[in-house]
Amino acid sequence: MGTFSNSITTAHQKFAEKQHMFFVSTAPLGADGHINLSPKGLDCFRFLSSATVGYMDLISSGNETSAHILENGRITFMFCSFEGAPNILRLYGTGTTVLPGTDLWNDYAPQFTIYPSTRQLIIAEISLVQTSCGWGVPLFEYQGERDVHFKWAEKLGPDGLVEYVDENNLVSLDGLPTSLSLSK
């Protein structure tokens, strides 16, 4: 079952910071809605306090996380070790989508690497932390980050990125509005 804590410890933070990848999961309230689980790479995750975390989110094919957070706030992060000793870390909390041009953006953005294709920051207050064995997680060797997103974003350019967001990131798969749709 694992070990539970109400706050993020230094050991939790050190473990997560060694991982090259993490997962974000959110879900709508409706039973017929789709659960979203997204892998994230880059150096985009930050521990902001013993109860607050965040990540820099790039423009991508959908924006389920923002829609689900807007609807109900629930969010879970998972880190697992693919190298070394097996371990899994889950952070359960309530998220907020922070958009460029807002006061919260000005507060949080300096703590992240912001790219031309950054669409938002996801900030979460963590209420429960769980560690578990991770014995079933296979070993993988890290080879590096992909550059496909950045080449795609550069090819689209600023106007193309805005058009892409308008076409693909304003409504979730289940028809829920995202925070970006409210800012339009």
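Read on for an overview of the structure. This is a predicted model, so every value here is computed, not measured. (Residues numbered from 1 in each chain as written. Predicted model: local features only at pLDDT ≥ 70, side-chain atom pairs only at ≥ 80, totals over all residues. Heavy atoms only, no water.)

Both strand E6 (residues 74–80) and strand E7 (residues 88–98) contribute to a ladder of seven bridges, which runs antiparallel. Bridge assignment links phenylalanine 77 to a residue of E7, and that residue is leucine 91. As paired elements, E7 and strand E8 (residues 118–132) share eleven bridges and run antiparallel to each other. In the strand pairing of E8, isoleucine 88 is matched with serine 132. (Pairing = 2+ DSSP bridges. Helix = DSSP H or I, 4+ residues; strand = E, 2+ residues; numbered from the N terminus.)

Quick look at the pattern of salt bridges now. Using the criterion set out here, one finds four salt bridges in the structure. For the salt bridge of aspartate 57 with arginine 119, the shortest nitrogen-to-oxygen distance reads 2.7 Å. Note that aspartate 57 is positioned in strand E5 (residues 52–58) and arginine 119 in strand E8, a separation of 62 residues in sequence. Each of the two residues, aspartate 57 as well as arginine 119, counts as buried. As a salt-bridge pair, aspartate 147 and lysine 151 come within 3.3 Å of each other at their nearest N and O atoms. For aspartate 147, a relative accessible area of 39% corresponds to the partly exposed category. Of the residues examined, lysine 151 reaches a relative accessible area of 54% and is grouped as exposed. (Salt bridge = Lys/Arg side-chain N within 4 Å of Asp/Glu carboxyl O. Buried < 20%, exposed > 50% of the residue type's maximum accessible area, 1.4 Å probe, protein only.)

Roughly 1000 Å³ of internal volume is contained in the largest pocket. Lining of the largest pocket is provided by 37 residues; of these, Pro39, Lys40, Gly41, Leu42 and Glu145 occupy positions nearest its centre. Those elements that place two or more of their residues in the lining of the largest pocket are strand E3 (36–40), E5, helix H2 (64–72) and helix H4 (148–168). Of the residues in the lining of the largest pocket, the class split is 14 nonpolar, 13 polar and ten charged. (1 Å grid on protein atoms, 1.4 Å probe; cavity = no way out; pocket = protein on both sides within 12 Å on 5 of 7 lines; lining within 4 Å. Points joined across faces, edges and corners; volume = space filled by probe spheres on them. Nonpolar A, V, L, I, M, F, W, Y, C, P; charged D, E, K, R; others polar.)

Pairs of aromatic rings are described using the distance from one ring centre to the other and the angle between the two planes. Following the criterion strictly, the structure yields eleven aromatic pairs and no others. Here phenylalanine 45 and phenylalanine 47 contribute two aromatic rings whose centre-to-centre distance is 5.2 Å and whose plane-to-plane angle is 70 degrees, an arrangement assigned as edge-to-face. The same class applies to phenylalanine 45 as to phenylalanine 47, namely buried. Centroid distance tryptophan 152 to tyrosine 164: 4.9 Å. Interplanar angle 80 degrees. Geometry classified as edge-to-face. By the ring-pair criterion, three or more aromatic residues cluster together here, those being Phe22, Phe45, Phe47, Tyr55, Phe77 and Phe79. (Phe/Tyr/Trp six-rings, centres within 6.5 Å; stacked < 30°, edge-to-face > 60°.)

Our focus in this paragraph is the environment of valine 165. Looking at where valine 165 falls in the secondary structure, it is placed in helix H4. Sequence-wise, valine 165 and arginine 119 are 46 residues apart; in three dimensions their C-alpha atoms are separated by 8.5 Å. Apart from the residues within four sequence positions on either side, valine 165 is in contact with Ile59, Leu170 and Leu180. (Contact = heavy atoms within 4.5 Å.)

For H4, with 21 residues, the first-to-last C-alpha span of 18 Å runs short of the 30 Å given by 1.5 Å per residue. Glycine 157 marks the point of greatest bend in H4, at about 105 degrees, and the proline proline 158 comes within the next four residues. Listing the buried residues of H4 in full gives His149, Ala153, Gly157, Gly160, Leu161 and Val165. Residues of H4 that are buried make contact with E5 and helix H5 (179–182). (Expected span 1.5 Å × (residues − 1). Bend = angle between axes of the 7 residues up to and from the residue.)

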